[in-house]
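Descriptive analysis of the structure
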Amino acid sequence: MNSRPTPFDELDRKILTALMANARTSFAEIGAAVGLSATAVKRRVDRLRETGVITGFTATVKPSALGWATEAYVEVYCEGAAPPRRLAEVVRNHPEITAAMTVTGGADALLHVRARDVDHFEEVLERIRTEPFIRKTISVMVLSHLLPESPEAGANQPAPPETGPDAADVR
C-alpha cells in the first residue's frame, strides 16, 4: 500500500489558509482572494476533503463560556511500557481531557485537562492516578495564553459533565 502524501499546490495552500483562519468563509470570498471562481474553490475543497487533507470543520469556543475556568497539562509516567492503545482507552474515559499524546523524554504521555475549578481538576487528577499502570503525574497549571488565537486557547468539545457531590447545585 502506497502512503505518499496527497500533492497539493500553492492555490490549495491559500485555500487551506483561508479556511483555517475562518471555516465559514464562502467559496466566493476565498475565490476572490486567490483568483479562482467559487466553483473552482468548491471543487478543490471537495478534493481536499476526499483525500483527507481537510478532516473536518469546527467551531472554536471560549472555554470559560462552557464552564472551564481551570486548565492544566499533566505529564503521565507509567510503570513499564504502557502501549499507546491502552493510554488512549484510559483518556477516553475522562471527558475533561481535551487532548492527549505520547511524547518523548521522561514522561510517557502529556494530557491537556480542562476543569471547572481547582477542586474539579484535583478530582480529575485523582481519577487518572487510579489507573494501575500510572506511576506518577506532574501537573502544570495554565495561567494565561500568550497566543489567544491559537486552537489551544479555545475549545472544540462540550463542557465536561458535572461530577461530585455538588453536581446538582445551580451555580
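As the structure is a computational prediction, the values presented were derived from the model and not from experiment. Within any chain, residue numbers begin from 1 and follow the written order of that chain's sequence. Selection of residues for local features in this predicted model requires a pLDDT of at least 70, selection of side-chain atom pairs for listing and counting requires 80 or more, and totals for whole chains, interfaces and linings are taken over all residues. Excluding hydrogens and water, the side-chain figures rest on all heavy atoms present in the structure.

1. As for the confidence of the model for the protein chain
The predictor reports its confidence for every residue as pLDDT, a score running from 0 up to 100. Confidence in the prediction for the protein chain averages 87 pLDDT; 87% of positions are at 70 or higher. Helix and strand definitions follow DSSP, with helices as H or I runs of at least four residues and strands as E runs of at least two, each counted in order from the N terminus. When mean pLDDT is compared element by element in the protein chain, helix 2 (residues 27-34) scores highest at 97, while helix 4 (residues 84-92) scores lowest at 89. In this analysis, two residues are considered to be in contact whenever any of their non-hydrogen atoms come within 4.5 Å of each other. Low pLDDT, under 50, characterises residues 165-171; the stretch is placed with two contacts to residues that sit more than four places away or in other chains.

2. Points about the pairing of strand 3 (residues 109-115)
Most of strand 3 sits inside the fold, with six of its seven residues counted as buried. Paired strands are those between which DSSP finds at least two bridges. Where strand 2 (residues 97-102) folds back onto strand 3 in an antiparallel hairpin, the turn is made up of six residues, including Gly105, whose phi is positive at roughly 100°. Relative accessibility thresholds used throughout: buried, under 20% of the residue-type maximum; exposed, over 50%; partly exposed, between the two (1.4 Å probe, protein chains only).

3. Quick notes on helix 2
Buried within helix 2 are the following residues: Ile30, Gly31 and Val34. Down the axis of helix 2, the buried side of the element spans an arc of 100°, and every buried residue falls inside it. Turned more than 90 degrees from where helix 2 packs its buried face, Glu29, Ala32 and Ala33 sit exposed. Buried residues in helix 2 make contact with helix 1 (10-21) and helix 3 (38-50). A positive phi of about 85° marks Gly35, the residue just after helix 2. It is the directions from the helix axis to the C-beta atoms that the arc portrays.

4. Some points on empty space enclosed by the protein
In this analysis, the protein atoms alone were mapped onto a 1 Å grid. Cavities are point sets where a 1.4 Å probe fits without being able to get out; pockets are open sets with protein on both sides within 12 Å along at least five of seven lines; lining residues have an atom within 4 Å of a point. Grid points are joined across faces, edges and corners, and a volume is the space filled by probe spheres set on the points. Following the criterion strictly, the structure yields one cavity of 30 Å³ or more and no others. Computed from the structure, the largest cavity encloses a volume of approximately 40 Å³. Every residue along the wall of the largest cavity is listed here: Val76, Leu87, Val90, Val91, Ala109, Leu111, Ile128 and Ile134. If you list the elements that add at least two residues to the lining of the largest cavity, you get helix 4 and strand 3. The leading source of residues in the lining of the largest cavity is helix 4, at three residues. Any residue outside Ala, Val, Leu, Ile, Met, Phe, Trp, Tyr, Cys, Pro, Asp, Glu, Lys and Arg is labelled polar, Gly included; the first ten of those are nonpolar and the last four are charged. Across the lining of the largest cavity, the residue classes tally to eight nonpolar, no polar and no charged.

5. Topic: the layout of surface pockets
Taken as a whole, the second largest pocket holds about 170 Å³ of empty space. The residue makeup of the lining of the second largest pocket, split by class, is six nonpolar, three polar and three charged.

6. Notes on the pattern of salt bridges
Whenever a carboxyl oxygen of Asp or Glu lies within 4 Å of a side-chain nitrogen of Lys or Arg, that contact is scored as a salt bridge. Per the counting criterion, the structure on display carries 10 salt bridges. The salt bridge partner of Arg44 is Asp9, with a shortest N-O separation of 2.9 Å. One end of the pair, Arg44, is in helix 3; the other, Asp9, is in the segment before helix 1, and 35 residues separate them in sequence. Members of the salt-bridge network, linked through shared partners, are Asp9, Asp12, Arg44 and Arg47.

7. Comments concerning the side chain of His94
Within the element layout of this structure, His94 appears in the loop between helix 4 and strand 2. In contact with His94, not counting residues within four places along its chain, are Arg127, Ile128 and Glu131.

8. Observations regarding the nonpolar core
For this analysis, a nonpolar core means a set of buried residues of the types Ala, Val, Leu, Ile, Met, Phe, Trp, Tyr and Cys, connected via side-chain atoms within 4.5 Å. By size, the foremost hydrophobic cluster in this structure holds 19 residues, and its most contacted members are Val74, Val76, Leu111, Val113, Phe121 and Phe133. Ignoring anything within four residues of it in the chain, the contact list for Val74 reads Ala109, Leu110, Leu111, Val113, Phe121, Leu125, Thr137, Ile138 and Ser139.

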